[in-house]
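Working through the structure, step by step
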Amino acid sequence: QFPFGRRLPCDIYWHGVSFHDNNIFSGQVNKFPGMTETVRKITLSRAMRTMRDLFPLEYNFYPRSWILPEELPLFVAEVRMMKDSNPSWKPTFIVKPDGGCQGDGIYLIKDPSDIRLTGSIQSRPAVVQEYICKPLLVDKLKFDIRLYVLLKSLEPLEIYIAKDGLSRFCTEPYQEPTLKNLHQVFMHLTNYSLNIHSGNFIHSDSANTGSKRTFSSILCRLSSRGADVKKLWSDIISLVIKTIIALTPELKVYYQSDIPAGKPGPTCFQILGFDILLMKDLKPVLLEVNANPSMRIEHEQELSPGVFENVPSPVDEKVKVAVIRDTLRLMDPQKKKRKDTHLSFHTYLLIFPTQLQSLHAGIASMKDKQHKHHSLKLSLKLKFYLKLGLCQSPEQAPGASEEPPDAAPSPEAALPSLCLKQVFPKYARHFSYLRLVDRVAALFIRFLGVKGTTKLGPTGFRTFIRNCKLSNSNFSMAAVDILYIDITRRWNSMAIDHKESGMCLQAFVEAFFCLAQKKYKALPLHKQVLSLIELCECRLAALHGKRLV
Ligand code: ADP
């Protein structure tokens with residue numbers, strides 16, 4: 001552990017909460033810059049809205065959401081309109097404070113005019129979302145799924161999904177929301193951190209009973225009832241890929257700002273926690289993405305009122321140890337070297353301990369101080385697993401010698417098979433057409449000019465318009481300036497951070513959509529945007545790398 005930092009470079013840096021060290025020039029860091037900001041409730045909802053505007057059918061797995069306070073009038077108006085057109089519609093909404101977690105501050109309402117809504121949102125921005133009233137129930141209880149996803153690389157995009165996850169159960173039998181039961185958190189919210197305090201919470205060492213189970217045990221049960229589990233998995237994979245496609249543009253802007261291209265810097269990877277709800281018809285719905293999912297493998301047990309003890313949780317252990325073990329296996333820097341050269345097993349051993357140390361350092365600095373000793377145990381356990389395979393020394397491993405690896409058994413042969421399954425680029429051809437905002441972000445980044453910024457100044461915007469030849473007699477440079485000022489001012493008034501002035505990516509995307517609509521009137525939005533992207537890319541390609549003017 002290196003609580004005060006470490007001068008010697010590491011192969012893998014394991015940070016506890018977020019990417020925060022600008023003095024890393026090599027190796028791999030387990031967090032992406034800007035991930036925490038990108039998956040916040042408001043930012044995620046905005047990114048999903050943009051994608052839904054472009055591809056309404058492909059992005060209908062995220063509940064309709066409104067951002068408060070600025071979209072309160074829109075929320076009220078849209079709900080009224082929907083009720084007018086369908087008087088039998090009796091919706092419920094869930095209000096979630098931005099940046100909240102573990103169910104903190106969440107409540108349900110039946111009507112936009114609910115007094116609490118107008119009272120609290122002025123002080124705390126939030127997302128209000130359509131509440132899924134008919135979730136799939138198991139044992140009459142609502143549950144959600146926590147799936148672990150490894151974003152292995154942003155450019156090129158590489159995504160892995162863990163084959164197993166956790167199912168977290170409510171502790172009161174579910175009833176559809178009524179004014180009487182709206183406040184019953186143990187019935188409506190699946191958060192472990194809330195339900196653990198219910199007298200009905202059941203700790204179980206078995207993967208298929210109790211209040212926390214493996215997702216695979218639920219799948220077994222569904223399969224025995226005749227459900228199409230293959231289709232469910234394929235829907236989940238598609239939800240994960242589409243969600244990450246919605247997040248990558250913003251992440252790329254942060255990435256070039258923190259780790260400028262062409263300068264020495266680390267590469268990044270990150271384990272994300274996807275929270276997914278299954279509807280009665282088995283359709284998966286995305287609830288949220290967690291940048292820093294808990295990797296605890298123990299749970300709290302209340303011995304007597306107010307006295308808690310931490311006991312091992314085999315269910316957590318089964319799922320989480322496999323995720324971390326496989327992440328390290330996939331990110332193993334020696335793997336590539338082993339492929340390229342015939343390094344001896346011994347050389348590998350000399351280098352590997354640095355990874356464990358950095359893993360220790362990261363785990364020890366985890367967000368929740370209380371987690372420290374559990375985390376340490378986790379890392380000890382990891383050591384054990386790694387010892388089993390990767391760290392096996394020639395003396396420990398019978399039959400192993402200092403012969404070239406072709407002669408020795410593969411060090412990974414002793415490990416269980418990978419639980420992380422690659423889904424991108426494996427299924428890229430089914431999803432690549434969705435990556436339009438990525439291409440808009442590439443244009444944005446190109447015109448950012450000075451590296452290290454995330455916002456485009458007025459000159460950068462003008463340069464973009466000029467080089468892509470988008471202004472003409474109907475759209476003067478004065479109109480360009482007005483568009484820039486209008487959109488930028490509005491976005492900056494809604495921004496949570498006011499650190500930098502200028503046009504953020506989402507504002508640029510809005511301006512870009514606006515230009516596309518103006519230029520290609522009759523087409524559907526995604527075709528308008530695609531046409532404008534192709535035009536811009538073509539005009540920029542014609543510059544043959546000449547400096548932008
Ligand atoms: P937090 O980050 O505070 O856990 P979530 O968005 O995960 O916030 O919501 C908390 C819980 O509320 C979820 O685990 C789920 O049980 C429930 N929930 C959230 N959104 C919805 C929704 N749209 N429909 C039904 N239940 C929801």
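As the structure is a computational prediction, the values presented were derived from the model and not from experiment.

Let's talk about the sheet that holds strand β1 (residues 12-13)
- Pairing is parallel in the open sheet, where 3 strands are placed in the order β1-β2-β12. The open sheet terminates on both sides in strands that have one partner only, identified here as β1 and β12 (267-268).
- For strand β2 (residues 28-29) and β12, the ladder comprises 2 bridges, and the chain directions are parallel. Looking at the pairing, Val29 lines up with Cys268 of β12.

Thoughts on the confidence of the model for the protein
- Mean pLDDT for the protein: 83, with 81% of residues reaching 70 or above.
- When pLDDT is averaged over each helix and strand of the protein, the minimum, 27, is found for helix α11 (residues 345-351) and the maximum, 98, for strand β13 (residues 270-278).
- Low confidence marks residues 342-407, where pLDDT is under 50. Its contacts with residues over four positions away, or in another chain, come to 101 contacts.

Side note on unusual backbone geometry
- With omega at 5°, the peptide bond leading from Leu68 into Pro69 counts as cis.
- When you line up the elements, Pro69 lands in the loop between β3 (65-68) and α3 (72-85).
- With an omega of 15°, the peptide bond between Phe424 and Pro425 qualifies as cis.
- For Pro425, the position within the fold is in the loop between β17 (420-424) and α14 (428-431).
- Positive phi, close to 70°, is recorded for Lys140, a residue that is not glycine.
- Here Lys140 is to be found in the loop between β7 (137-138) and β8 (141-153).

Some details on the pattern of salt bridges
- Enumeration over the complete set of coordinates arrives at 26 salt bridges.
- For Arg168, the salt bridge identified is with Asp275, shortest N-O distance 3.0 Å. Of this pair, Arg168 sits in strand β10 (residues 166-169) while Asp275 is found in strand β13, placing the two residues 107 residues apart along the sequence.
- Relative accessible area serves as the criterion here: at 7%, Asp275 is assigned to the buried category.
- Through salt bridges with shared partners, a single network forms among Asp144, Arg146, Arg168 and Asp275.

Definitions and limits used
- Residues numbered from 1 in each chain as written.
- Predicted model: local features only at pLDDT ≥ 70, side-chain atom pairs only at ≥ 80, totals over all residues.
- Heavy atoms only, no water.
- Pairing = 2+ DSSP bridges.
- Helix = DSSP H or I, 4+ residues; strand = E, 2+ residues; numbered from the N terminus.
- pLDDT = per-residue confidence, 0-100.
- Contact = heavy atoms within 4.5 Å.
- Salt bridge = Lys/Arg side-chain N within 4 Å of Asp/Glu carboxyl O.
- Buried < 20%, exposed > 50% of the residue type's maximum accessible area, 1.4 Å probe, protein only.

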